[in-house]
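The chain contents come next:
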Amino acid sequence: MWTADEIAELCYEHYRSRLPKQGKPDPSREWTSLAAVVKVESAANEAGSAGLGSLQAKEVVALGTGTKCIGLNKMRKTVQLLLSGELLRTSMNMGLFYRDVLNDSHAEVVAKRSFQRYLLHQMRLATSYQQCSIFIPGTETGKWKLKPNIIFIFFCSHTPCGDASIIPIRETENHLSKSVDGHDIAGQSVLCSSSNCDHRGPEDKRKSEKMASSHMIKRMKNADGGFFSTITEDMAVQQVFAKPEGNVNPECCESSEEMQAANKETNAGKLKAVDVYRTGAKCVPGELSDTLIPGIEYHCVGLLRVKPGRGDRTCSMSCSDKLARWNVLGCQGALLMHFLQYPVYLSAVIVGKCPYSQEAMQRAVIERCRHISLLPDGFLTQEVQLLQSDLQFEHSRQAIQEGQTSSKRKLVPCSAAISWSAVPERPLDVTSDGFRQGTTKKGIGSSQSRSKICKVELFHEFQKLVTSISKENLPDTLRVKTLETYWDYKEAALNYQEAWKALRSQALLGWIKNAQEYLLFM
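Let me begin by describing the structure that accompanies this report. Just so it is clear, the model here is predicted, and its values are computed rather than measured. (Residues numbered from 1 in each chain as written. Predicted model: local features only at pLDDT ≥ 70, side-chain atom pairs only at ≥ 80, totals over all residues. Heavy atoms only, no water.)

**Section: the overall build of the protein**
So, point 1. Check the secondary structure of the protein and you find 13 helices and 21 strands.
So, point 2. The proportion of buried residues among the 522 residues of the protein is 55%. (Helix = DSSP H or I, 4+ residues; strand = E, 2+ residues; numbered from the N terminus. Buried < 20%, exposed > 50% of the residue type's maximum accessible area, 1.4 Å probe, protein only.)

**As for helix α7 (residues 319-329)**
Side chains that are three or four residues apart share a direction in an α-helix, a result of its 3.6 residues per turn.
So, point 1. With respect to burial, α7 is a largely interior element, eleven of its eleven residues being buried.
So, point 2. Every buried residue of α7 is accounted for by Cys319, Ser320, Asp321, Lys322, Leu323, Ala324, Arg325, Trp326, Asn327, Val328 and Leu329.
So, point 3. Directly after α7, the chain includes Gly330, whose backbone phi takes a positive value near 90°.

**Considerations on the pattern of salt bridges**
So, point 1. Scanning all chains against the criterion turns up 23 salt bridges.
So, point 2. Notably, a salt bridge pairs Arg16 with Glu394, separated by 3.2 Å at the nearest N-O pair. With Arg16 in helix α1 (residues 4-18) and Glu394 in the loop between β17 (385-388) and α10 (397-402), the pair connects residues that are 378 residues apart, well separated along the chain.
So, point 3. Exposure remark for Arg16: the relative accessible area of 36% places this residue in the partly exposed category.
So, point 4. The closest approach of N and O atoms between Glu457 and Arg450, which form a salt bridge, is 3.1 Å.
So, point 5. Judged by relative accessible area, Glu457 falls into the buried class, the value being 10%.
So, point 6. Salt bridges linked by common partners bring Arg99, Asp100, Arg450, Lys452 and Glu457 together as one network. (Salt bridge = Lys/Arg side-chain N within 4 Å of Asp/Glu carboxyl O.)

**Digging into the environment of Lys282**
So, point 1. Residue placement: Lys282 occurs in strand β13 (residues 282-283).
So, point 2. Once the C-alpha coordinates of Lys282 and Leu303 are considered, the two residues, 21 residues apart in sequence, prove to be 9.5 Å apart.

The values reported here are purely geometric and, on their own, carry no functional implication.
This is the structure:
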């Protein structure tokens, strides 16, 4: 068996010992986030499945670091640079940029795309009939499935941005833990981000100052026998909805009856919710909105959100939203689904030591999509195991702050993102501002500037896989008609597209889709 701490330490050790200094933060002034995918392979019995009590081999197969996301204005400026100063005239030009750049460099997304690169390599091994692959033949022509004795665990050093980060803050008269430093995972004040301080009056500011040093962290024991730190979650937060088109319903963020009743308790040992951790992710434009009322009603929970981009809105959905999507559609993406009989799901998501709520994670990753129906065969909302480790990432914001108690130097997020995949050719990839680190302005647009996990590079790897297989051994979806562009291949993965349509229409309404013309590259 494995524990949350064991998986966390495996990822941290891989980061420390297997990766060079390139792309890592300068601990005197920088911090970053880390995410990884761990393969757990149990010794198989004669039937090929894992036996009870069998030994397990654990291996990091994909890893990512990063905190940045490119805003829409930055994207447009880069396109203009790509066109040698000419104004952006056509959406096709935007597509040239969109295929090359890594828009979203949050650690969770970098790790997932690095995992897709690993899966593509493993499929190449399978289709050339090498036994070392994680895949075995399925029951349909050209289809493969994951070996039954292999599972994958997703680890992230911080709570994913977005809905999972909206965590109640409890207040008590006891002396409380100092391990919460008053910041959310994006480094913003949990009580007031720079964009919403103006909403607070003097009384709210006094309360905020008091709460900054008044957080209860409770040490809990998990099912694996390990311990983890968590903000106590003995009271439910009700999922609520506001009026559409950005209008806010005054009742949309009312706390549940349980919370209201609990908040009447004033005994010293009782906890009451006095505020919530802020998330920097903003509600999707034109959809439901936060109330921005100071206190526990500031955020509405269960909403889709987009990531901020240094003050500039992005078109990238929050990591909480993306995890919810992966929990239904799998992590392999549309392209690789052509070759798979079933999606590749995560068996567990583990979060490192940081402000954490089991309830918020459950709501963000599972509950929002639990009611989905009419999914094609093989797709379903997974009951993924959600755990927290008690081990802190050495280059997290909190760890760096704790190590610099006497320094007044301002900490900033590291500008670089690291991608690592368990593949034989160029496993390490370091990017900055969406391109390979060291790319000059003149180099933007060249193949040398591209990350190995950007859309066009992963598509080219997929094309190599397709051309390496004889036509009679290809799955039906790749034989029925001529496919040319990235868009063509994605749309031809019919069961994946059917599942995505059901998920989007029933649970993830308002999800920002990429314009078709941006995806017509080859």
